[in-house]
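Residue-level structural notes
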Amino acid sequence: MSALPCLHCSVAPERRHQVESGRVMWICPVCNNRGEAHPVEARALSSWNLVNDADMPAHTCKANGVARFFSSGGQWGSRCAGCDFVDHGYATIEGARAGWARAVR
Ligand SMILES: [Zn+2]
Ligand SMILES: [Zn+2]
């Protein structure tokens, strides 16, 4: 598996190794879009790809915004890049993805 380009900027992400915590995180150097900081290399990479999945449906607003996933206060969420829609409060990226999918259905 290789790292997808950032869904928002089309640039290649950077892999960051946090020495203190032993975690790896993939992050966009332009917009700070990021995957999960995780000690398992494969999970760090797959989580980046989960938040940059071009197959996620667009928001059903006038802008047809793309999902932007984020982590805040230890919980994952999504927001629409085209309007003020926010859905937050999931323990995992998978949960946030499911929340987005429900919201745009
Ligand atoms: Zn980006
Ligand atoms: Zn929207």
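About the criteria used
Residues numbered from 1 in each chain as written. Chains lettered and ligands numbered in written order. Predicted model: local features only at pLDDT ≥ 70, side-chain atom pairs only at ≥ 80, totals over all residues. Domains from an automatic or database assignment. Contact = placed C-beta atoms within 7 Å. Nonpolar A, V, L, I, M, F, W, Y, C, P; charged D, E, K, R; others polar. Pairing = 2+ DSSP bridges. Helix = DSSP H or I, 4+ residues; strand = E, 2+ residues; numbered from the N terminus. Axes fitted to C-alpha atoms, helices over the stretch in contact; angles between N-to-C directions.

1. What to know about the domain arrangement of the chain
What the domain assignment reports for the chain is domain 1 (1-55) and domain 2 (56-105). When each unit is reduced to the centre of its C-alpha atoms, the spacing between domain 1 and domain 2 is 17 Å. Contact residues are listed per partner, giving nine residues for domain 1 and seven residues for domain 2. Across the side of domain 1 that touches domain 2, the residue classes tally to three nonpolar, three polar and three charged.

2. A word on the sheet that holds strand S3 (residues 67-72)
The strands that make up a sheet are held in pairs by hydrogen bonds between backbone atoms, and each pair lies either parallel or antiparallel. A sheet is described by the order of its strands in space; here three strands give the open sequence S3-S4-S5, paired in antiparallel fashion. The open sheet has two free edges, formed respectively by S3 and strand S5 (86-90), since each of these has just one partner strand. Taking the axes of each pair of neighbouring strands and ignoring which way they run, one obtains an average angle of 20° across the sheet. Running over the sheet, helix H2 (residues 93-104) touches S3, strand S4 (75-80) and S5 and is turned about 30° from S4.

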